[in-house]
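Examining the three-dimensional arrangement
Here's the letter readout for the chains.
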Amino acid sequence: MASQAAPSCCLVFCLLIAAAVLRPGLGWDTVNSAYGDTIIMPCRLSVPQNLMFGKWKYEKPDGSPVFIAFRSSTKKSVQYDDVPEYKDRLSLSENYTLSISNARISDEKRFVCMLVTEDNVFEAPTIVKVFKQPSKPEIVSKAPFLETEQLKKLGDCISKDSYPDGNITWYRSGKVLQPLEGAVVIIFQKQMDPVTQLYTMTSSLEYKTTKADLHVPFTCSVTYYGPSGQKTVHSEQAVFDIYYPTEQVTIQVLPPKNAIKEGDNITLKCLGNGNPPPQEFLFYLPGQPEGIRGSNTYTLTDVRRNATGDYKCSLIDKRSMIASTAITVHYLDLSLNPSGEVTKQIGDALPVSCTISASRNATVVWMKDNVRLRSSPSFSSLHYQDAGNYVCETALQEVEGLKKRESLTLIVEGKPQIKMTKKTDPSGLSKTIICHVEGFPKPAIQWTITGSGSVINQTEESPYINGRYYSKIIISPEENVTLTCTAENQLERTVNSLNVSAISIPEHDEADEISDENREKVNDQAKLIVGIVVGLLLAALVAGVVYWLYMKKSKTASKHVNKELGNQEENKKLEENNHKTEA
């Protein structure tokens, strides 16, 4: 038996050697695996009934085989060859599927599954491909700024740990950047780590920028191949500060130049549209040919109306690049004549003028005792009711806070004037005597009675309004009496007397003094009556004109009819005469 086994083993070994060296390869399958995953390679052979064992091998670059795993069909035992790079990484299943854990780039080989019978060897090759996704691309070594019309390095786009190597693309605002001589220069490099066999890709971009690139995002991407095909990963956006020279200068005025008034502070601000903006300028004030060098602001304090004019500013190194603005310092002057406290006598004339001088048309408002007047006050003959506090106020509506006001306190004085009236009560039992007093300052009233009779009431007084008031007493005289009313103020003492008959003697009553309020009502009624009368007169006039035109037209028509009748009579007479002549 031993002698028979030996030739059998020798035969199998010879068949393996021959299969490894001489047998041509069959069609192969490809297994794709991600870096670090487990590679699973099924044996694409049908297991024969007389199978002795199965083996796996891989082929070196020179084609020589390296056996890595063995499994007996009878003993169900598995043996792994001593291959250092696959130690503790292999697993061979009962259906002869080979698994390799923790896939590496070095696992990219041609593996062969071998099933051996007593008289034959069957092989199925498998090609292993390992892929490693690169890191997300990143723009590094970014330029702090770019200058217009200058070719300058923008930055490097780098992506690491890729297998196989990938390709890097640059984008401007989402559109692919293509190399362009003198404007876009792209330099691509790749480097492989000798240990991991992974690639690092770097792409440098040199770019000639313009003002249109302001706030425009730049990105890059890496395109690579994975187990499922081609993929692309994009970087984060990068926005660059674009430096460009100043092409225009502007000047601003703070506060807004249409609202500057005397006493304000003016700040001139000069701006250039370059980046970075210029920090120094020359400021030109009205009437000063030489500029004042300073920062981008210049302040004038407590300006007056003579500060009105053209203000300019320019760059230090380009004085021809200049900006200007016109500034108006608004002003408002008010002169009230007379003003303050003025004391006049009743009946005097008092001209009042409020003179305005302003940088533009101003509104003028007159107030008396906080009530707005319809027109300016003018006094040809002063009355007590003209006294009061007058205010002339003016303002420029377009300029906030520019207002002026002056006041006049008018005092109208007058000596006491007295008028006495009497009235008999309808019952005939008493008489009311009234002393009407006019004057300012307010006169004090005293009563004196000469004769006999009882005084019923002597304390009633009216309110003092517009320099007038009255005092009245009610008496029942038993005989004729004389009542004396005395009114006195700081200017004069005035006395007036009134004879009153006994209560038993009838006498004519005198009308009461009309109060200011009643006087105004009477005036209003008189105005109404006058208006009605004028209206009636106008209506009568219109009616008369219409009647006259009608009569004139009627007379003309009558004359025309009479003329026609006369002509007819004349014709009849002529005919009669003709008949007589013929006869």
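This text goes with the structure placed above it.
Reference entry: report on the structure contained in this document. Counting of residues starts from 1 at the beginning of each chain's written sequence and follows it residue by residue. Where totals are concerned, whole chains, interfaces and linings use all residues; where local detail is concerned, this predicted model gives features only for residues with pLDDT of at least 70, and gives and counts side-chain atom pairs only at 80 or more. Where side-chain values are given, they derive from all heavy atoms of the structure, hydrogens and water being excluded.

Turning next to the overall build of the chain. When helices and strands are counted, the chain shows 2 helices and 40 strands. Only protein chains enter the calculation, and the probe is 1.4 Å; a residue is then buried if its accessible area is under 20% of its type maximum, exposed if over 50%, and partly exposed in between. Within the chain, buried positions represent 35% of all 583 residues. In what follows, residue pairs with any heavy atoms lying within 4.5 Å of each other are defined as contacts. The contacts of the chain with a sequence gap of at least 6 include a subset with a gap of at least 24, amounting to 61%. For the chain, the exposed surface amounts to about 35,100 Å²; the carbon and sulfur share of it is 51%. Secondary structure is summarised from DSSP: a helix means a run of H or I of at least four residues, a strand means a run of E of at least two, and numbering begins at the N terminus for each. Each accessible area value is a Shrake-Rupley result obtained with a 1.4 Å probe; residue values ignore everything except the protein chains displayed when judging cover.

A few words now on the environment of Val412. Relative to the assigned elements, Val412 resides in strand β34 (residues 403–424). Its relative accessible area of 2% is what places Val412 among the buried residues. Residues Val412 and Gly347, 65 residues apart in the sequence, show an inter-C-alpha distance of 9.0 Å. Apart from the residues within four sequence positions on either side, Val412 is in contact with Lys344, Gln345, Ile346, Leu382, His383, Tyr384, Ala387 and Phe440.

Turning to the sheet that holds strand β9 (residues 121–131), a few remarks are in order. Read from one edge to the other, the open sheet built from 6 strands follows the order β1-β9-β8-β3-β4-β5, with strand pairing classed as mixed. At either margin of the open sheet sits one strand with a lone partner, and together these are β1 (29–34) and β5 (78–80). Put simply, the sheet's adjacent strands are angled 25° from each other on average, direction ignored. Any two strands between which DSSP finds at least two bridges are classified as paired. Looking at chain direction, strand β4 (residues 65–72) and β5 are connected through 3 bridges and run antiparallel. When the sheet's bridge partners are listed, Phe70 is paired in β5 with Gln79. Helix axes use the C-alpha atoms of the stretch in contact, all axes being lines fitted to C-alpha atoms, and the angles between their N-to-C directions lie in the range 0 to 180 degrees.

What follows is about the side chain of Thr169. Within the element layout of this structure, Thr169 appears in strand β13 (residues 167–172). Those residues within four positions of Thr169 in sequence are excluded, and the remaining contacts are Val176, Thr219, Cys220 and Ser221.

This brings us to a nonpolar patch on the surface. A contiguous nonpolar surface patch, about 530 Å² in accessible area, is contributed by Leu538, Leu541, Val545, Trp548 and Leu549. Note on placement: Val545 falls in helix α2 (residues 516–582). For Val545, a relative accessible area of 42% puts it in the partly exposed group. Residues forming no salt bridge and having over 30% relative accessible area are the ones grouped into patches, like charges within 9 Å of each other and nonpolar side chains (Val, Leu, Ile, Met, Phe, Trp, Tyr) within 5 Å. The working definition used for a salt bridge is a side-chain nitrogen of Lys or Arg within 4 Å of a carboxyl oxygen of Asp or Glu.

The buried fraction of strand β3 (residues 53–59) amounts to 6 of the 7 residues, a majority that puts the element mostly inside the structure. Two elements, β3 and strand β8 (residues 110–116), share 7 bridges in a ladder whose sense is antiparallel. Within the sheet, the bridge partner assigned to Tyr58 lies in β8 and is Phe111. The pairing of β3 with β4 spans 7 bridges and is antiparallel.

Once that is clear, we can look at unusual backbone geometry. Most peptide bonds take the trans configuration, and most residues that are not glycine carry a negative phi. Residue Pro276 is reached from Asn275 by a cis peptide bond, and omega for that bond is 0°. Looking at the element boundaries, Pro276 is found in the loop between β22 (266–272) and β23 (281–284). The amide bond that connects Phe440 to the next residue, Pro441, takes the cis arrangement and shows omega of -5°. Of note, Ser173 is a non-glycine position whose phi angle comes to about 50°, a positive value.

Let's shift gears to the side chain of Thr97. Of note, Thr97 is situated in the loop between β6 (90–92) and β7 (98–100). Classification of Thr97 as buried rests on a relative accessible area of 14%. In terms of polar contacts, Thr97 uses its side chain to reach the side chain of Asn95, at 3.1 Å. Contacts of Thr97, omitting those with residues within four sequence positions, involve Ile40, Met41, Pro42, Cys43, Ser91 and Leu92. Polar contact criterion, stated in full: a pair of N or O atoms within 3.5 Å, where within protein one must be able to donate a hydrogen and the other to accept it, and residues adjacent in sequence count only if both atoms are side-chain atoms.

Stacked, tilted and edge-to-face pairs are distinguished by plane angle, under 30 degrees for stacked and over 60 for edge-to-face with tilted covering the rest, among Phe, Tyr and Trp rings (Trp via its six-membered ring) whose centres lie within 6.5 Å. The tally for this structure, following the rule as stated, stands at 11 aromatic pairs. Through a chain of ring-to-ring contacts, three or more aromatic side chains come together here, namely Tyr58, Tyr86 and Phe111. Think of it as a cone above the ring: NZ of Lys or CZ of Arg counts as a charge over the ring if it is within 6 Å of the ring centre and within 35 degrees of the ring normal. Just above the ring of Phe145 sits the side chain of Lys152; from NZ or CZ to the centre is 3.9 Å. One Lys or Arg, Lys442, reaches over the ring of Tyr469 and ends 4.7 Å from the middle of that ring.

Spatially, 3 strands are ordered β2-β7-β6 in an open sheet, and the strand pairing comes out antiparallel. Pairing within the sheet leaves two strands with one partner each, and these edge strands are β2 (39–41) and β6. For this sheet the average axis-to-axis angle between neighbouring strands, irrespective of direction, equals 15°.

Time to look at the nonpolar core. Core analysis: the biggest nonpolar cluster contains 49 residues, and Met41, Trp56, Ile68, Leu98 and Phe111 have the highest contact counts within it. Those residues within four positions of Leu98 in sequence are excluded, and the remaining contacts are Ile39, Ile40, Met41, Trp56, Ile68, Ala69, Leu90, Ser91 and Leu92. Nine residue types can take part in a nonpolar core, namely buried Ala, Val, Leu, Ile, Met, Phe, Trp, Tyr and Cys, and a core is a set of them joined through side-chain atoms within 4.5 Å. Core analysis: the second largest hydrophobic core is formed by 20 residues, Val249, Ile251, Val253 and Ala323 among them.

Take the state of the cysteines next. Pairs of cysteine sulfur atoms within 2.5 Å are identified as disulfides in what follows. For the coordinates displayed, the defined rule picks out 5 disulfides. Each sulfur of the disulfide joining Cys43 and Cys113 lies 1.9 Å from the other. One disulfide, between Cys43 and Cys113, carries an S-S torsion of -85° and so falls in the left-handed class. Here Cys43 is found in the loop between β2 and β3, whereas its partner Cys113 is found in strand β8, with 70 residues between them in sequence. Between Cys157 and Cys220 runs a disulfide, and the two sulfur atoms are separated by 2.0 Å. The sign of the 75° torsion about the S-S bond sets the Cys157-Cys220 disulfide as right-handed. You can see Cys157 sitting in strand β12 (residues 151–162) and its partner Cys220 sitting in strand β17 (residues 217–226), a full 63 residues away along the chain.

The side chains of a regular strand alternate, first on one face of the sheet and then on the other. Taking burial as the measure, the 10 residues of strand β16 (residues 199–208) include 7 buried ones, the bulk of the element. In this structure, β12 lies alongside β16, joined through 9 bridges in antiparallel fashion. Its bridge partner being in β16, Lys153 is matched across the sheet by Glu206. In terms of strand pairing, strand β15 (residues 184–192) meets β16 through 9 bridges, oriented antiparallel. Bridging from a neighbouring strand, Gln189 pairs with Thr202 of β16. Turn length for the β15-β16 hairpin, with the two strands adjacent in sequence and antiparallel, is 6 residues, and the turn residue Gln197 shows positive phi of about 65°.

This part takes up the pattern of salt bridges. If you walk through the whole model with that rule in mind, you get 20 salt bridges. Between Glu247 and Lys211 there is a salt bridge, and its shortest N-O distance comes to 3.8 Å. Residue Glu247 is found in the loop between β20 (242–243) and β21 (249–254), and its partner Lys211 is found in the loop between β16 and β17; the two are separated by 36 residues along the sequence. We note a salt bridge from Asp333 to Arg305, for which the minimum N-O separation is 3.1 Å. Taken together, the residues span a long stretch of sequence, with Asp333 in strand β28 (residues 332–337) and Arg305 in the loop between β25 (297–300) and β26 (309–315) at a distance of 28 residues. What makes Asp333 partly exposed here is its relative accessible area of 28%.

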